[in-house]
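Commentary on secondary and tertiary structure
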There are 4 protein chains.
Amino acid sequence: MNRVSTLKPVSPVGELAKRYSTIRNTTTELVAPLAPEDTVVQSMPDVSPSKWHLAHVTWFFEHFVLAHFDPGYRRYDERYDFLFNSYYYSVGDMHARPERGLLTRPTLSEVLDYRATVDDAVLEFLETRADEPEVAERIVLGLHHEQQHQELLLTDIKHVLSRNPLKPAYDPKLPQPPALQARELEFLEGKNGVHRVGCDIEAETFCFDNETPRHDALLHPHRLANRLVTNGEYREFVRDGGYRDARLWLSDGWATLMRDGWSRPLYWSEDLEQEFALGGERDLDLAAPVCHVSYYEADAYARWAGARLPTEFEWEAAAEGLPVDGNLFDSAYLHPVAGQSAQYFGDVWEWTASSYLPYPGFQPLDGSLGEYNGKFMCSQMTVRGGSAVTSRSHVRASYRSFFYPEQRWQMLGLRLAKDSQP
Amino acid sequence: MNRVSTLKPVSPVGELAKRYSTIRNTTTELVAPLAPEDTVVQSMPDVSPSKWHLAHVTWFFEHFVLAHFDPGYRRYDERYDFLFNSYYYSVGDMHARPERGLLTRPTLSEVLDYRATVDDAVLEFLETRADEPEVAERIVLGLHHEQQHQELLLTDIKHVLSRNPLKPAYDPKLPQPPALQARELEFLEGKNGVHRVGCDIEAETFCFDNETPRHDALLHPHRLANRLVTNGEYREFVRDGGYRDARLWLSDGWATLMRDGWSRPLYWSEDLEQEFALGGERDLDLAAPVCHVSYYEADAYARWAGARLPTEFEWEAAAEGLPVDGNLFDSAYLHPVAGQSAQYFGDVWEWTASSYLPYPGFQPLDGSLGEYNGKFMCSQMTVRGGSAVTSRSHVRASYRSFFYPEQRWQMLGLRLAKDSQP
Amino acid sequence: MNRVSTLKPVSPVGELAKRYSTIRNTTTELVAPLAPEDTVVQSMPDVSPSKWHLAHVTWFFEHFVLAHFDPGYRRYDERYDFLFNSYYYSVGDMHARPERGLLTRPTLSEVLDYRATVDDAVLEFLETRADEPEVAERIVLGLHHEQQHQELLLTDIKHVLSRNPLKPAYDPKLPQPPALQARELEFLEGKNGVHRVGCDIEAETFCFDNETPRHDALLHPHRLANRLVTNGEYREFVRDGGYRDARLWLSDGWATLMRDGWSRPLYWSEDLEQEFALGGERDLDLAAPVCHVSYYEADAYARWAGARLPTEFEWEAAAEGLPVDGNLFDSAYLHPVAGQSAQYFGDVWEWTASSYLPYPGFQPLDGSLGEYNGKFMCSQMTVRGGSAVTSRSHVRASYRSFFYPEQRWQMLGLRLAKDSQP
Amino acid sequence: MNRVSTLKPVSPVGELAKRYSTIRNTTTELVAPLAPEDTVVQSMPDVSPSKWHLAHVTWFFEHFVLAHFDPGYRRYDERYDFLFNSYYYSVGDMHARPERGLLTRPTLSEVLDYRATVDDAVLEFLETRADEPEVAERIVLGLHHEQQHQELLLTDIKHVLSRNPLKPAYDPKLPQPPALQARELEFLEGKNGVHRVGCDIEAETFCFDNETPRHDALLHPHRLANRLVTNGEYREFVRDGGYRDARLWLSDGWATLMRDGWSRPLYWSEDLEQEFALGGERDLDLAAPVCHVSYYEADAYARWAGARLPTEFEWEAAAEGLPVDGNLFDSAYLHPVAGQSAQYFGDVWEWTASSYLPYPGFQPLDGSLGEYNGKFMCSQMTVRGGSAVTSRSHVRASYRSFFYPEQRWQMLGLRLAKDSQP
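Residues numbered from 1 in each chain as written. Chains lettered and ligands numbered in written order. Predicted model: local features only at pLDDT ≥ 70, side-chain atom pairs only at ≥ 80, totals over all residues. Heavy atoms only, no water.

**Some words on the pattern of salt bridges**
- Inspection of the entire model under this criterion finds 104 salt bridges over all chains.
- As a salt-bridge pair, Arg75(A) and Asp81(A) come within 2.8 Å of each other at their nearest N and O atoms.
- Across the pair Arg239(D) and Glu273(D) runs a salt bridge, and its minimum N-O distance is 3.9 Å. Of the two residues, Arg239(D) sits in helix 6 (residues 231-239) while Glu273(D) sits in the loop between helix 7 (251-260) and strand 5 (274-277), which places them 34 residues apart along the sequence.
- By relative accessible area, Arg239(D) is classed as partly exposed at 45%.
- Sharing partners across several salt bridges, the network here consists of Arg24(A), Arg115(A), Asp119(A) and Glu146(A). (Salt bridge = Lys/Arg side-chain N within 4 Å of Asp/Glu carboxyl O. Helix = DSSP H or I, 4+ residues; strand = E, 2+ residues; numbered from the N terminus. Buried < 20%, exposed > 50% of the residue type's maximum accessible area, 1.4 Å probe, protein only.)

Below you can see the structure in the form of structure tokens.
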């Protein structure tokens, strides 16, 4: 059997329970600023209601831990298997994704009760079983899964609120970042030749199956920008007619732009002066990294700038060994900020020029748990580095996330690269 | 100038305020069984969220009464003009109907506060102005408008809840109707020759513009069934292959059936034994009138039964002069029940064979208030008589409501008619 | 059994064969100006390819005459039952209407061969059987059906050619009409009270089932315009902002206008100076009747003009007894022309304010032949009088055609009416 | 400046004209079996009408050769720039791709006249200018472009004819292949380590920009099947429930299967016994390579078979140096045949596990001519090796074609691969 991704026992047994509580509570805290009404709506098929996120991650622990290890476990509600399964076909039928916004029940308070009940059961279960490797593996996997949904919960509610003409803030009390300048743009020589990529399971405590196996990749001579592209730079592209010049765009990108009437990043105001953030409508910080651009837009910008996007291995080779530091979820801005973008981590996920494909020798996890990362290895592009809503403890240099090239509701931005002479 | 529909001063001044309070409070009570989450969702474009109904009818009084009579009136929130205007183009731009389900704010409690504030202002206003005819006219019009939305609120929330696999009841404590038999089906000779139809403004205290002017209609010899078609009769049609025989259906009806996969009335279970009601899933009462059928289904059933639907004037001639009695909103079943269907009022709106068109000499109300009934005089069929969710004080023999032939989320049923020899 | 619409033996037996040949040859001549390529394309679901029209009307005679009367008749090609049946579900399955444009075979020349073979068989059959009433009835019905498709063939090919940026003419050699003025607009008092409408089967030699039975209708006092609305008048409406003022439009009409970006009649150039006709692009004749407007446009124009559309019985009462004269197919312009519009027949079908519904006591034809007019009695509006592509021998005062309110690819125009004081 | 792809002067000057004539005439011969009606239809957006192909490739020579080199050149028809430009935005606006099937004019015979006129002009031009490198480059590029469209013309007309219930053959006289067995399936060790890939411009006379620059790729240990997957093998997968087991499919693939109701390869009969070919409906040859499967199907089959698809470089390393031999267009079967599939060329394009992305250092051609291969480098998968409708002189080991993972109207099949132990 394949291992369940956890590579090493995390820590002493009590630590696991503590980590469980911390991460689970964080999720619950994320909905504290919301009204029950906010937690129901699905503003587009990509978005899930906050309430659904809260329940789905709970179902994950109930199904893959409690019910898995204890055949006598009695479900909180049998019907939740249908409602809160997301994509695990081998588990059974599921509620159609685009209909998640139809579910007014269970209510938010019922979902919170469901969470509390499952949390009690998990913590009780951990008291006696936390030292079994498969238990720890599944708990840790579930917690990383939970952290993924924390990020989605924030980007999804941002989309929901943005569709309201009243433009309500998710949390008007979010901290304001300090006003800083962007550093001068430079292109730095990247690593070259055969290079080892993918998760080093000796060095990391956890990774997803899609980061494995570690293997050799061949890097061609290239240079990488020393920071992310900023709002100010991107606005120059817009003002220069970037959205009206078909030659700058991939064919599919131009078709999307025409169909959806794109003329600027998602959440920018028409006058290019403001943007909608989780803290509400605010002035565009020209020194902050541009955010909420699709792959098509990132690619078109790079072409306009006489550059290209880095490949995922160029990025990984540069990021490897650096501390996971920067404007992440832990900084509490929940928005890209100026002055930090020298980092390879945080602010925005960086679009790469690499399709999201399996690594040589890739094997998905066994059973239902493997019905995830591998199922999406087609038509999506890899993004790297995490964003302002990604937890520090969740991301690493080998971490691969992935989106369709037209998606832009996540915190997505870009760094430029250029070919070098060999 | 056209009058604003109220035909006579309703009653002493204090009565108007009392009636205002009663009807407005009824609306608020309708959402009492709901969780805030229930009030947000728009399960299809025809449906509006409960929260939207609550706010829209309030906006009606704010805009067409408070702001109309007092130029200095200060709006509760200027932006509500955009959010809660429904179709009055002359008032200004409005939020797109299919996007009403995106609005999580204002929350239910904020909307209830909006209601209370406007109610206070209206009642205060009425203390000094209730004796002005135009004031009374607009208040009464607003109250009838409110009653229309009470009905929609119930049918809309029923649809929302029906889309949830958990099948939650709107109110599990609704009364159970007594078990009764349907009376024997008979066809009774209808009125014949030139007959006066439309609202008799001397006899009625209120009507909508679409019921006027009163005029002569020519009735051809016909007979009318003495009661509505029942669930049991309709189930025979289903079991006889009615939904598989194209010859029974209008061309558009068959196309709709094929496209949407219709095989039975909305809310019936696949085994034809149960139906979803506001009180929850329950056994189909075979003696109760069939409900939630489209015009296409009503028409196909009638053809199968060797009959036809009555015209709206055949219906009106039969109903005129009868007391407005039957299973209406006031009965509190909120569902068609057996044994009452001899009535011409209540249980279900009756599909007629008449298109919803203007009467000879029809004039819509002046100004924005006229932007309603007349705008829809195309492609819809007239229905008559009110349903189990229509208020007794709201309906009358001349009352015309109207739906597209494919719609069936309202409480819609049918009575048969036949041609007679002249 | 119901009769097959023919009301009287047309004429001596040889006359029937002669009439058959004449009308059938006319159809074939209609495709003479076309290239084979022109006859394949279906430019929208409402349109059928010319080749399909040629084959379908032939199949009608093969199926409803040859195969009906001679059980031993051997089909030209068994598969044509599937391909060229249009809507007779009781005959069997049929090719989906929106896929008619996928059929490159049989080719035009094969279809013409099919026509010739069936024509030979019908004429041979008529030599011995033309004196049987049911034979004559079915032949005459088939010939009227053929004339309907002649009209459709022309309006359909017009639409096909209009979608080509090269704007090819159907026939560049069509005659130019003389330059004439429109007569002064007057409103003439119409008939009043109970009036007999529907086909008088004693006086007419043929009618469709939807014109029967003849019955009494009650006409309310009204006046009718003495001519059709002209291009010049309609252009004033356009220039006056008619397409930008929601208050003038039915709700569904405004939604259609917004969705499809309507700003003028179909086939008018953007500068409102030219129109596309079967003879090619040409200057708009301001004195000619406006054409290719939907019901929504006709209704909005009438509202703008302070008038309304006539009901179908107001129209019929005025037209009854007049000679069927005017700019019809027989005039060979194939386009509305100035100066003739005093007529009630020809130029353009006139939208009425009446929904297309069954007459009191209506019975469709028995069997498959009845699967037509009655199937469409919902959601369409009645039009009257025929157009510049309707044959004189095909139309009469009681003739009802019908279209959906958004359709405008037929030659559709309007005459104004007004209510009178009683 | 970038060169226009031709890497070496092809041959003596007269040879270029001769090659031009040969390839151009081949295209014209391809439409000889077709009726004019066949050449108009666009059966889905991916398909272009035969007539459009004939005109578009001609426009290519007119625009990029005649008009490019001779500023005084007078266009055959100015409007063809709009009609027959495909995707060169820098050339100007163009007719919308999904509307190509609306163009009945120019007719086939007019298009053939256009071809003849341009051919005369090109041949006359070549008499004096064929020795200029850029002329030869553009002519050769145009001829390869023409060969691409020859292939598309055949696969497109196959799709058009397949949508006709009469199932007409493109050419009923195509040769029948000999009945042969498939060879035993074996997995052969592939090349390993750093390997040179991409077009070797010293060795080849022509390549497209997307095959350049030649560069190092790192191959991981793997084995490749010695032949293509056969119809018989694929049918086992179907019968084993392959199309009903979500676990075998990529998430997008399963969604496509559900949406479009896939249950077998395109063109297979429901009983899995027959397939539609350019020669007409015929028995499925179980020993022949499976054809008309999407990437999703190829990927699911490989998973079911315990294998995977090869990467494009694994494929290229294996094919490099082999003679371009096999069942190609030149064999005249126009369909995959048994017994040849040991070849790396012909029969079917082989889906690879590689996304279609730019090579390191890739530069598109300058100007409008570069608006092609590079515009599509997103969301498509690379296919290799050519098919039974690809010309031998057009394909090579480094040749990359590309399709979206759901497309299957091209002749697309697969070869299996497996990971090896390092």
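**A look at the packing of helix 2 (residues 50-69) of chain D against helix 5 (residues 133-162) of chain D**
Residues and elements named next belong to chain D.
- Helix 5 packs onto helix 2 with a crossing angle of 170 degrees between their chain directions and a minimal axis gap of 9 Å. With respect to each other, helix 2 and helix 5 are oriented roughly antiparallel.
- Grouping the amino acids of the contact of helix 2 with helix 5 by side-chain chemistry returns 15 nonpolar, seven polar and four charged. (Axes fitted to C-alpha atoms, helices over the stretch in contact; angles between N-to-C directions. Parallel < 35°, antiparallel > 145°, perpendicular 65-115°, else oblique. Nonpolar A, V, L, I, M, F, W, Y, C, P; charged D, E, K, R; others polar.)

**Looking at the arrangement of the chains**
- You won't find any contact between chain A and chain C; their C-alpha atoms come no closer than 14 Å.
- Kept free of each other, chain B and chain D leave a smallest C-alpha distance of 14 Å between them. (Contact = heavy atoms within 4.5 Å.)

**A closer look at the sheet that holds strand 4 (residues 222-228) of chain D**
Residues and elements named next belong to chain D.
- Here we have three strands laid out as an open sheet, ordered 1-4-11, and antiparallel in their pairing. Both edges of this open sheet fall to strand 1 (187-189) and strand 11 (415-419), since each of them pairs with a single strand only. Each neighbouring strand pair of the sheet contributes to a mean axis angle of 30 degrees, computed without reference to strand direction.
- Summarising the sheet, strand 1 and strand 4 pair through three bridges and their orientation is antiparallel. In the strand pairing of strand 4, Phe 187 is matched with Ala 225. (Pairing = 2+ DSSP bridges.)

**Some thoughts on the relation of the copies chain D and chain A**
- Screw-axis analysis of chain D against chain A gives a translation of 0.0 Å along the axis, an RMSD of 0.0 Å, and a rotation angle of 180 degrees. On the angle and the small slide along the axis, the relation comes out as a two-fold axis. When C-alpha positions in chain D are compared against the rotation axis, the closest is assigned to Ser379(D), at 2.3 Å.
- A symmetric contact is evident, with 100% of the interface residues of chain D recurring at the interface of chain A. (Least-squares fit on C-alpha atoms with pLDDT ≥ 70 in both.)

**Topic: the pairing of strand 5 of chain D**
All names here are of chain D.
- In this sheet, strand 6 (residues 280-283) lies alongside strand 5 in antiparallel orientation, the contact comprising four bridges. In the strand pairing of strand 6, Ala 277 is matched with Gly 280.
- Here strand 5 folds back onto strand 6 in antiparallel fashion, the turn holding two residues.

**Describing the interface of chain A and chain B**
- Counting from both sides, the interface comprises 32 residues of chain A and, opposite them, 32 residues of chain B.
- Counting the surface lost from both chain A and chain B, the interface buries some 2,500 Å², and carbon and sulfur atoms represent 61% of this.
- Counting the surface chain A buries against chain B, the share from its top three residues, Glu37(A), Arg105(A) and Leu166(A), is 29%.
- For the interface between chain A and chain B, the tally reads four salt bridges.
- Arg163(B) is the salt-bridge partner of Glu99(A), the closest N and O atoms lying 3.0 Å from each other.
- Across the chain A-chain B interface, the total number found is 10 residue pairs in polar contact (both at pLDDT 80 or more).
- Of all the secondary-structure elements, those providing two or more residues to the side of chain A that touches chain B are helix 3 (80-84), helix 4 (108-129) and helix 5 (133-162) of chain A.
- When grouped by side-chain class, the residues that make up the side of chain A that touches chain B number 17 nonpolar, eight polar and seven charged. (Buried area = accessible area lost by both parts, 1.4 Å probe. Polar contact = N/O pair within 3.5 Å; in protein donor to acceptor, adjacent residues only side chain to side chain.)

**Examining the sheet that holds strand 8 (residues 381-384) of chain C**
All names here are of chain C.
- In spatial order, the strands read 9-8-7-10; together these four strands make up an open sheet with mixed pairing. Since the sheet does not close on itself, it has two edges, and those belong to strand 9 (401-403) and strand 10 (412-413), each with one partner.
- By the bridge criterion, two bridges tie strand 7 (residues 349-355) to strand 10 in an arrangement that is parallel. From the neighbouring strand, Glu 350 faces strand 10, where its bridge partner is Gly 413.

**Examining the relation of the copies chain A and chain B**
- Each copy superposes on the other: chain A lies on chain B with an RMSD of 0.0 Å after a rotation of 180 degrees and an axial shift of 0.0 Å.
- Of the residues that chain A buries at the interface, 100% are likewise interface residues in chain B, meaning the two copies contact each other through the same surface.

**Focus on the interface of chain D and chain A**
- Between chain D and chain A, the contact holds 34 residues from the first and 35 residues from the second.
- Summed over both partners, the interface of chain D with chain A buries about 2,500 Å², with 60% contributed by carbon and sulfur atoms.
- Three residues, His220(D), Lys375(D) and Cys378(D), lead the burial of chain D against chain A; their summed loss comes to 20% of the area buried on that side.
- Across the contact surface, chain D and chain A share zero salt bridges.
- Counting across the chain D and chain A interface gives 13 residue pairs in polar contact (both at pLDDT 80 or more).
- Of all the elements, strand 3 (residues 215-219) of chain D adds the most residues to the side of chain D that touches chain A, at four residues.
- Its residues assigned to classes, the side of chain D that touches chain A comprises 19 nonpolar, nine polar and six charged.

**Some points on the side chain of Lys375(D)**
- Residue position: Lys375(D) is located in the loop between strand 7 (349-355) and strand 8 (381-384).
- Here the side chain of Lys375(D) touches Trp249(A) through a polar contact of 2.6 Å, landing on its backbone oxygen.

**Focus: the packing of aromatic side chains**
- Applying the stated criterion to the full structure yields 121 aromatic pairs over all chains.
- Ring geometry for Trp249(A) against Trp254(A): centres 6.5 Å apart, planes inclined by 55 degrees, an arrangement best described as tilted. Exposure class is identical for Trp249(A) and Trp254(A). Each is buried.
- Look at Trp59(B) and Phe64(B): their rings are 5.8 Å apart centre to centre, the planes differ by 75 degrees, and that puts the pair in the edge-to-face class. Of the two residues, Trp59(B) and Phe64(B), both sit in the buried class.
- In this structure, Lys167(C) is placed above the aromatic ring of Phe276(C), and the distance from its NZ or CZ to the ring centre is 5.7 Å. (Phe/Tyr/Trp six-rings, centres within 6.5 Å; stacked < 30°, edge-to-face > 60°. Lys NZ or Arg CZ within 6 Å of the ring centre and 35° of its normal.)

**Some details on helix 2 (residues 50-69) of chain A**
- Here helix 2 of chain A contains 20 residues, and its C-alpha end-to-end distance of 28 Å stays within 8% of the 28 Å for a straight helix at 1.5 Å per residue.
- Largest kink in helix 2 of chain A: about 30 degrees, centred on Glu62(A). (Expected span 1.5 Å × (residues − 1). Bend = angle between axes of the 7 residues up to and from the residue.)

**Side note on the state of the cysteines**
- For the coordinates displayed, the defined rule picks out zero disulfides over all chains.
- Among the cysteines around Cys378(A), which has no disulfide bond, Cys378(D) carries the closest sulfur, lying 11 Å off.
- Given a relative accessible area of 2%, Cys378(A) falls into the buried group. (Disulfide = S-S within 2.5 Å.)

**What about the confidence of the model for chain A?**
- Chain-level statistics for chain A give a pLDDT mean of 94 and a share of 96% at 70 or above.
- Across residues 1-10 of chain A, where pLDDT falls below 50, the model places 36 contacts with residues more than four positions away in sequence or in other chains. (pLDDT = per-residue confidence, 0-100.)

**Quick look at helix 6 of chain D**
- Every buried residue belonging to helix 6 of chain D is among Asn231(D), Gly232(D), Tyr234(D), Arg235(D), Phe237(D) and Val238(D), and all of these are buried.
- Looking one or two places after helix 6 of chain D, you find Gly241(D), whose phi comes out positive at around 90 degrees.

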